[in-house]
Amino acid sequence: MKFSLGLLVLLACGATFVVADQDYEGYRIYEVTPSNAEQASILHQLSAEGFDFIGQSRLLGQPSRVIVSPGQLDKFLQLVKDHKMIHSLFNSNLGASIAEEFVQLQMQRLMNPITGKGRLSNERYYSHEEIINYIDDLAQRYPKRVYVKTVGWSYEKRVLKTITITNGDGKFGKKLIFMDGGFHAREWISPAAVLYVIDQLVENFQENAYLLEDYDWVILPLVNADGYEHTQTGTLARMWRKTRQPYNYLGQTCYGADPNRNFDFHWNEEGASSNPCSDTYAGPNAFSEPEAVVVRDLMHSLSDRGIMYLTIHSYGNYLLYPWGWTSDLPDNWQDLDAVASTGAEAIKNATGTVYTYGSSTNVLYIAAGASDDYGYYAGFNVSITMELPGAGSIGFNPPVTRIEEFVTETWIGIRAMAEKLFELY
Ligand SMILES: *[C@@H]1O[C@H](CO)[C@@H](O)[C@H](O)[C@H]1NC(C)=O
Ligand SMILES: *[C@@H]1O[C@H](CO)[C@@H](O)[C@H](O)[C@H]1NC(C)=O
Ligand SMILES: [Zn+2]
């Protein structure tokens, strides 16, 4: 392990308190850098008091980002002053940034309409429908190597489809990599990165055929289709993270559960919430969310051949492996570590971007009921959560001009992890 426990606190993947669609007009984002354990614990306490931390774990000396509402501002500034915490203003009006991004999204849709045929560019983010059309089109154009299957429906009845990519040699029973994206609605770069992996394996087949020699790849590009679409409906919905199934709580309706806390493995023990209005709501019971059920059923149907499960999130530059529910490590943790460290090293070599790797609990915080733990438990020998780097005014919104840079870098890491996997299994 490359990090000491206890120095690390708080949340990755932006677990927050966004109760409903929200107007962020006048909200600020601050970066705060804890330089000792006391400061880290004060920040941790703030998150329990309703301050909304986004992105990044809280390594000492590394900045965390926190959303501060106009009503919280005085308290926040007093606190960082009293404790002499290093801080700086990162965004002076989150609402304005979200509004600006929304206008750009609409313009990109008009300027780059999808043709429905051929290779996708990395010029913009795509809708659920566009993603489905794209993989359907691939299956039509490459019937020997590509197979698309309906694997279920979201709560709001959006179709969920996997794309299976082979080298077309017709051999059955190969080992297999199962990959997914878009668990968390606002992490738009995740499905974008997954689409690029699909592009590389299918359209750039000559160069990447070796990755399909002994392994098939099964990919579910967008797990939380409802949440993802919701984040694109308007500025108030941009920060949405969960699914969209309604739940009643003390007479009000709060929507969705965190699909990455909804798996039935140490479900809701720690690092998840029982409050339907929380952003890390585990659900009323395990597998309450149809999207998580789809992933579970895929895992069980694939696990006899499945060697690696890989799930793509943002943000924070992490490669994480089980366990997430305990600080214990699985028996073959050295293999998991070898795969993760190879991905990190390949990316570092290629672009200089630094990824931190290790077991979820030891790098971040305990979060039970996540899909990576479940995948490992279901029989995948290697299970990895990849948190892509953050960018843009919110962190979850790399500008469209940088999508290409992010997805190509991610691909370098994924390819290197696959190569390491092939050495080991
Ligand atoms: C990274 O670069 C070093 C030095 O050139 C090399 O030895 C190593 O194999 C590279 N690692 C990966 C995973 O590409
Ligand atoms: C992968 O894991 C399964 C289930 O734990 C195990 O039976 C199998 O031997 C492992 N495969 C390899 C190649 O180690
Ligand atoms: Zn996430």
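Bear in mind that the values here come from a model prediction, so they are computed numbers and not experimental data.

Enquirer: Can you walk me through the site of ligand 2 in this structure?
Expert: By nearness alone, every residue bordering ligand 2 is listed as Gly379, Asn381 and Tyr425. Here an oxygen atom of ligand 2 and a side-chain polar atom of asparagine 381 are 2.3 Å apart. For ligand 2, whose accessible area on its own is 360 Å², the fraction buried by protein is 31%.

Enquirer: Looking at this structure, how should I read the UniProt feature "active site" (unreviewed entry) in the chain?
Expert: Within the UniProt annotation, "active site" (unreviewed entry) is assigned to Glu387. Position of glutamate 387 relative to the elements: it lies in strand E14 (residues 382–388). Side-chain polar atoms of glutamate 387 contact the backbone nitrogen of tyrosine 315, separated by 3.4 Å.

Enquirer: Would you take a moment to explain the sheet that holds strand E6 (residues 159–165) for this structure?
Expert: Note on sheets: strands pair through backbone hydrogen bonds, and any given pair is parallel or antiparallel. Strand order in the open sheet formed by 8 strands is E5-E6-E8-E7-E11-E14-E12-E13, with mixed pairing between adjacent strands. Across the chains shown, the open sheet's two edge strands, defined by having one partner strand only, are strand E5 (146–153) and strand E13 (356–359). The mean angle between the axes of side-by-side strands here comes to 20°, regardless of whether they run parallel or antiparallel. Relative to E14, strand E11 (residues 306–314) runs parallel, the two sharing 7 bridges. Opposite methionine 308, over in E14, you have valine 382 as the bridge partner. Sitting on the sheet, helix H12 (residues 403–424) touches strand E7 (175–181), strand E8 (215–220), E11, strand E12 (318–321) and E14, and the angle it makes with E14 is about 165°.

Enquirer: I would appreciate a short explanation of the domain arrangement of the chain in the present structure.
Expert: For interface size, the figure often reported is the accessible area lost on association. On domain assignment, one finds that the chain holds domain 1 (28–92) and domain 2 (118–230 + 287–424). Taking only C-alpha atoms, the centre of domain 1 and the centre of domain 2 are 31 Å apart. Between domain 1 and domain 2, the contact holds 8 residues from the first and 10 residues from the second. At the boundary of domain 1 with domain 2, total buried surface from both sides reaches about 700 Å², with 54% on carbon and sulfur atoms. Along the contact surface separating domain 1 from domain 2 lie 1 residue pair in polar contact (both at pLDDT 80 or more). Looking at the side of domain 1 that touches domain 2, its residues break down into 3 nonpolar, 4 polar and 1 charged.

Enquirer: Would you mind going over the side chain of serine 371 with me for this structure?
Expert: Relative to the assigned elements, serine 371 resides in helix H11 (residues 371–378). For serine 371, the residues in contact, after removing those within four places along its chain, are Phe183, Asn260, Phe263, Met299, Tyr309 and Thr311.

Enquirer: Mind showing me how you'd approach the nonpolar core here?
Expert: The tendency in soluble globular proteins is for nonpolar side chains to be buried as a group. Judged by nonpolar contacts, the single largest core of 84 residues is most densely connected at Phe178, Ile198, Trp217, Ile219 and Met386. Take this core: its biggest share by element is 10 residues, from helix H5 (residues 189–202). Discounting chain neighbours no more than four positions away, the residues touching isoleucine 198 are Tyr134, Ile135, Leu138, Ile163, Ile165, Glu203, Ile219 and Pro221. If you look at the next biggest cluster of nonpolar residues, it comprises 14 residues, including Leu43, Val66, Leu73 and Phe76.

Enquirer: Before we go on, may I ask you to explain the pattern of salt bridges in this structure?
Expert: According to the stated counting rule, one finds 16 salt bridges in the structure shown. Lysine 161 is the salt-bridge partner of aspartate 136, the closest N and O atoms lying 2.9 Å from each other. Of this pair, aspartate 136 sits in helix H4 (residues 128–141) while lysine 161 sits in strand E6, placing them 25 residues apart in sequence. Classification of lysine 161 by relative accessible area gives buried; the value is 15%.

Enquirer: What exactly am I supposed to notice about the sheet that holds strand E3 (residues 64–68) here?
Expert: In space, the 4 strands of this open sheet follow the order E2-E3-E1-E4, with antiparallel pairing throughout. Either end of the sheet is taken by a strand with one partner, and the two such strands are strand E2 (52–54) and strand E4 (86–91). Going across the sheet, the axis of each strand differs from the next one's by a mean of 35°, ignoring polarity. Contacts from helix H2 (residues 73–82) reach strand E1 (28–33), E3 and E4 within the one sheet, and its direction differs from that of E1 by about 15°.

Enquirer: Just to check I follow, could you spell out the site of ligand 1 for this structure?
Expert: Inspection of the region around ligand 1 gives Thr342, Glu345, Ala346 and Asn349 as its neighbouring residues. Contact with the protein chains removes 36% of the 360 Å² of surface that ligand 1 exposes when unbound. The class makeup of the residues in the shell around ligand 1 is 1 nonpolar, 2 polar and 1 charged.

Enquirer: Hey, could you run me through the environment of glycine 61 in this one?
Expert: Along the chain, glycine 61 falls in the loop between E2 and E3. In this structure the C-alpha to C-alpha distance between glycine 61 and asparagine 36, which are 25 residues apart in sequence, comes to 8.1 Å. Excluding residues that lie within four positions of it along the chain, glycine 61 makes contacts with Thr33 and Pro34.

Enquirer: Help me understand the state of the cysteines, please; the structure alone is not making it clear to me.
Expert: Disulfide: a covalent bond formed between the sulfur atoms of two cysteine residues. Applying the stated criterion to the full structure yields 1 disulfide. The disulfide partner of cysteine 254 is cysteine 277, and the S-S distance across this bridge is 2.2 Å. Sign of the S-S torsion, about 90° for the bond between cysteine 254 and cysteine 277, identifies this disulfide as right-handed. Here cysteine 254 is found in strand E10 (residues 252–255), whereas its partner cysteine 277 is found in the loop between E10 and helix H8 (290–302), with 23 residues between them in sequence.

Enquirer: Quick question: what am I supposed to make of the packing of H4 against H5 here?
Expert: When two helices pack together, their arrangement is given by the angle between their axes and by how far apart the axes lie. It is at 12 Å that the axes of H4 and H5 come closest, and there the two elements cross at 10°. Viewed along their axes, H4 and H5 adopt a mutual orientation that is roughly parallel. Judged by residue contacts, Ile131, Tyr134, Ile135 and Leu138 of H4 engage Pro191, Leu195, Ile198, Asp199 and Val202 from H5. Across the contact of H4 with H5, the residue classes break down as 8 nonpolar, no polar and 1 charged.

Cut-offs applied
- Residues numbered from 1 in each chain as written.
- Chains lettered and ligands numbered in written order.
- Predicted model: local features only at pLDDT ≥ 70, side-chain atom pairs only at ≥ 80, totals over all residues.
- Heavy atoms only, no water.
- Near = heavy atom within 4 Å.
- Polar contact = N/O pair within 3.5 Å; in protein donor to acceptor, adjacent residues only side chain to side chain.
- Areas by Shrake-Rupley, 256 points an atom, 1.4 Å probe, with all protein chains shown as cover.
- UniProt positions renumbered as here; feature names shortened; annotations may be inferred.
- Helix = DSSP H or I, 4+ residues; strand = E, 2+ residues; numbered from the N terminus.
- Pairing = 2+ DSSP bridges.
- Axes fitted to C-alpha atoms, helices over the stretch in contact; angles between N-to-C directions.
- Contact = heavy atoms within 4.5 Å.
- Domains from an automatic or database assignment.
- Buried area = accessible area lost by both parts, 1.4 Å probe.
- Nonpolar A, V, L, I, M, F, W, Y, C, P; charged D, E, K, R; others polar.
- Core = buried A, V, L, I, M, F, W, Y, C linked by side-chain atoms within 4.5 Å.
- Buried < 20%, exposed > 50% of the residue type's maximum accessible area, 1.4 Å probe, protein only.
- Salt bridge = Lys/Arg side-chain N within 4 Å of Asp/Glu carboxyl O.
- Disulfide = S-S within 2.5 Å.
- Parallel < 35°, antiparallel > 145°, perpendicular 65-115°, else oblique.

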